[in-house]
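Structure at a glance
The chain contents come next:
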Amino acid sequence: METEGLLAPETAEAARDHYAALGPQAQVLVKELAKAMDLDSEAYAERVDEDVVATAREVMFAGRLEVHTGTRAEFDAWRAGSDFDVTEVGSEHVDGVVWHAAPATGEAVAATYHEKRRAAIDTLRRQAFGRIYREVL
């Protein structure tokens, strides 16, 4: 089993604090992307709104989530020893599993994969944000 990422907040408050701290970074990120795309101030004002910055913040938060990847046997062993309410997507007949456990809510999400580990991790992080953290934040 492998683990990557840093974020598995213990409480809803810790999740909210981390999310709030990403606000200024998300604004800088969006401004720098706009510069890289040669948007002038008029185009920036027309295209960049709160939703754009919020999306950047969500992506940054999700990208920091701690995820575990392993075999079906490793996932099943983890699940048997945990008290998390797990939502799993994919096929139980595929050997690769990626998962995120959220202590703040007692929930976990898992996705199976065959060959595309990186894609599974990225998809899982988006699912974790949408299924677990969106309501908390």
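The preceding data block contains the structure.
Please read all numbers here as calculations on a predicted model, not as lab measurements. Each residue is numbered by its place in its chain's sequence as written, counting from 1. Where local features are concerned, this predicted model is filtered to residues with pLDDT of at least 70; where side-chain atom pairs are given and counted, the filter is 80 or more; whole-chain, interface and lining totals use all residues. Note: side-chain values were computed over all heavy atoms of the structure, leaving out hydrogens and water.

1. Description of the overall build of the chain
Numbering goes from the N terminus for both helices and strands, where a helix is a DSSP run of H or I of at least four residues and a strand is a run of E of at least two. Along the chain, the regular secondary structure elements total five helices and five strands. Along the chain, helices and strands appear, N-terminal first, in the series β-α-α-α-β-α-β-β-β-α. By principal-axis analysis of the C-alpha atoms, the chain measures approximately 55 × 35 × 20 Å. Every one of the 137 residues in the chain was classed for burial, and the buried ones make up 36%. In the chain, once contacts between residues fewer than 6 apart in sequence are set aside, the share between residues at least 24 apart is 64%. Only the protein chains shown count as cover for residues, and all accessible areas are computed by the Shrake-Rupley method using a 1.4 Å probe. Approximately 8100 Å² of the chain is accessible, and the part contributed by carbon and sulfur atoms is 49%. Three labels apply to residues, based on accessible area from a 1.4 Å probe with only protein chains included: buried if under 20% of the type maximum, exposed if over 50%, partly exposed otherwise in between. Contact criterion: two residues are considered in contact whenever any of their non-hydrogen atoms come within 4.5 Å of each other.

2. Brief notes about the sheet that holds strand β5 (residues 107–113)
Strands are labelled as partners when DSSP assigns at least two bridges between them. Spatially, five strands are ordered β1-β2-β4-β5-β3 in an open sheet, and the strand pairing comes out mixed. For this open sheet the edge positions go to β1 (2–4) and β3 (85–89), each flanked by a neighbour on one side alone. When strand polarity is set aside, the average angle formed by the axes of neighbouring strands in this sheet is 20 degrees. In terms of strand pairing, β3 meets β5 through five bridges, oriented parallel. When the sheet's bridge partners are listed, Val86 is paired in β5 with Ala108. A fitted line through C-alpha atoms serves as each axis, taken over the contacting stretch for helices, and the angle formed by two N-to-C directions is quoted from 0 to 180°. Against the sheet, helix α5 (residues 117–136) contacts β1, β2 (67–71), β3, β4 (96–102) and β5, and its axis sits at roughly 155 degrees relative to β5.

3. Some words on α5
The end-to-end C-alpha distance of α5, which contains 20 residues, comes to 27 Å, matching closely the 28 Å that a straight helix rising 1.5 Å per residue would cover. The seven residues ending at a residue and the seven starting there each receive a fitted axis; the angle between those axes is the bend at that residue. The sharpest bend along α5 measures roughly 40 degrees and falls at Gly130. Where α5 is buried, its residues contact β1, α1 (12–36), α3 (50–63), β2, β4 and β5. Expected span of a helix: the number of residues minus one, times 1.5 Å.

4. Structural notes on the pattern of salt bridges
One side chain can pair with another of opposite charge once the charged atoms of both are near each other. Each salt bridge in this description consists of a side-chain nitrogen of Lys or Arg and a carboxyl oxygen of Asp or Glu lying within 4 Å of one another. Under the defined criterion, the tally for this structure stands at ten salt bridges. With a closest N to O distance of 3.4 Å, Arg117 and Glu4 form a salt bridge. One end of the pair, Arg117, is in helix α5; the other, Glu4, is in strand β1, with 113 residues separating them in the sequence. Across the pair Glu88 and Arg72 runs a salt bridge whose closest N-O atoms are separated by 2.6 Å.

5. Digging into the side chain of His68
Along the chain, the position of His68 falls in strand β2. One polar contact links His68 to Thr3, side chain to side chain, over a distance of 2.8 Å. The residues contacting His68, other than those within four sequence positions of it, are Met1, Glu2, Thr3, Val97, Val98 and Trp99. N or O atoms within 3.5 Å of each other form a polar contact, as long as, within protein, one can give a hydrogen and the other can take it, and as long as residues adjacent in sequence are counted only when both atoms are side-chain atoms.

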